[in-house]
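The chain contents come next:
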Amino acid sequence: MVERIPMSLAGNRRLREELERLERMERPEIVKAIEVARAHGDLSENAEYHAAKERQSLIEGRILELKDKLGRAEVIDCSKVSTDRAVFGTVVTLMDLTTEVEVTYQLLGPEEADVKKGSISVMSPLGRALLGKEVGDEVVTKTPGGMREFEVIDIASPTQQ
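Note that the structure is a prediction, hence the values are computed from the model and not measured.

Asker: Help me understand the sheet that holds strand E4 (residues 102–108), please; the structure alone is not making it clear to me.
Answerer: Strand pairing within a sheet occurs via backbone hydrogen bonds; the two strands may be parallel or antiparallel. With mixed pairing, five strands are arranged side by side in an open sheet as E5-E4-E3-E7-E6. On the outer flanks of this sheet lie strand E5 (119–121) and strand E6 (138–143), each paired with one strand and no other. Taking each pair of neighbouring strands and ignoring which way they run, the sheet shows an average axis angle of 45°. Here E4 pairs with E5 via three bridges, running parallel.

In structure tokens:
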């Protein structure tokens, strides 16, 4: 059975745009670069040719990876999720009970998670611990810095921020 990957509409759109750019722009450009490098003669000592072939390999690998992820994507419209509980797509505000610092994260899929931009994966330890929690619930989770305890302060949809 295929493992589905939860993904927001925006995340799905970004991956599709990247795939289209790779297939329509970068792939043809690298093919031309290989042809030009090949025309320079002896391929065994042609650094330009080897660099272009390596770039082609990276592009083709990323194309395959994107097609796989998009094929397994379970696209979820985050603006329509319930905010009664922490679920995929919701924006959860937490109070760190040790430091009393508030943090806010949107729960997204692994492909979209970026702590610096305020999103974490629902598959991360904290993301898994938050799923199903309500405002007022306490969450204890293991982080790289040790065990952390949070209280859920607020749950909102991305459009309510």
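Alright, that's what it looks like, and here's the rest.
Asker: What is the right way to look at the pattern of salt bridges in this model?
Answerer: A side chain with one charge may pair with a side chain of the opposite charge, provided their charged atoms come close. Inspection of the entire model under this criterion finds 15 salt bridges. Residues Glu112 and Arg14 are paired through a salt bridge, measuring 3.9 Å at the closest nitrogen-oxygen approach. Here Arg14 lies in helix H1 (residues 9–38) and Glu112 lies in the loop between E4 and E5, a separation of 98 residues in the sequence. Look at Glu112 and you get buried, because its relative accessible area is 9%. Judged by its relative accessible area of 48%, Arg14 is partly exposed.

Asker: Sorry, what's going on with unusual backbone geometry here?
Answerer: Among all residues save glycine, negative phi is the norm, and among peptide bonds the norm is trans. Although it is not a glycine, Glu100 adopts a positive phi angle of roughly 60°. With respect to the secondary-structure elements, Glu100 resides in the loop between strand E3 (91–96) and E4.

Asker: Would you take a moment to explain the nonpolar core for this structure?
Answerer: Formed by 17 residues in total, the largest nonpolar core has its most connected members in Val92, Leu94, Leu107, Leu126, Leu130 and Val152. Breaking this core down by element, the ones donating at least two residues are E3, E4, helix H3 (125–130) and strand E7 (146–156). Apart from residues lying up to four places away in sequence, Leu130 is in contact with Ala86, Val92, Leu94, Leu107, Ile120, Val139 and Val152. If you look at the next biggest cluster of nonpolar residues, it comprises 15 residues, including Met7, Ile34, Ala37 and Ile63.

Conventions adopted
- Counting restarts for each chain: residues are numbered from 1 in the order of the written sequence.
- Selection of residues for local features in this predicted model requires a pLDDT of at least 70, selection of side-chain atom pairs for listing and counting requires 80 or more, and totals for whole chains, interfaces and linings are taken over all residues.
- By convention in this description, side-chain values take in all heavy atoms of the structure and omit both hydrogens and water.
- Any two strands are treated as partners once DSSP identifies two or more bridges connecting them.
- Starting at the N terminus, helices and strands are each numbered in turn, a helix being any DSSP run of H or I of at least four residues and a strand any DSSP run of E of at least two.
- Here, axes are lines fitted to C-alpha atoms. For helices the fit covers the stretch in contact, and angles between N-to-C directions go from 0 to 180 degrees.
- Salt bridges are defined as contacts in which a side-chain nitrogen from Lys or Arg sits within 4 Å of a carboxyl oxygen from Asp or Glu.
- Each residue is assigned to one of three classes by its accessible area relative to the maximum for its type, calculated with a 1.4 Å probe on protein chains only: buried under 20%, partly exposed between the two thresholds, exposed over 50%.
- For our purposes a nonpolar core is just a set of buried Ala, Val, Leu, Ile, Met, Phe, Trp, Tyr and Cys residues, chained together by side-chain atoms within 4.5 Å.
- Pairs of residues are marked as contacts when any of their non-hydrogen atoms sit within 4.5 Å.

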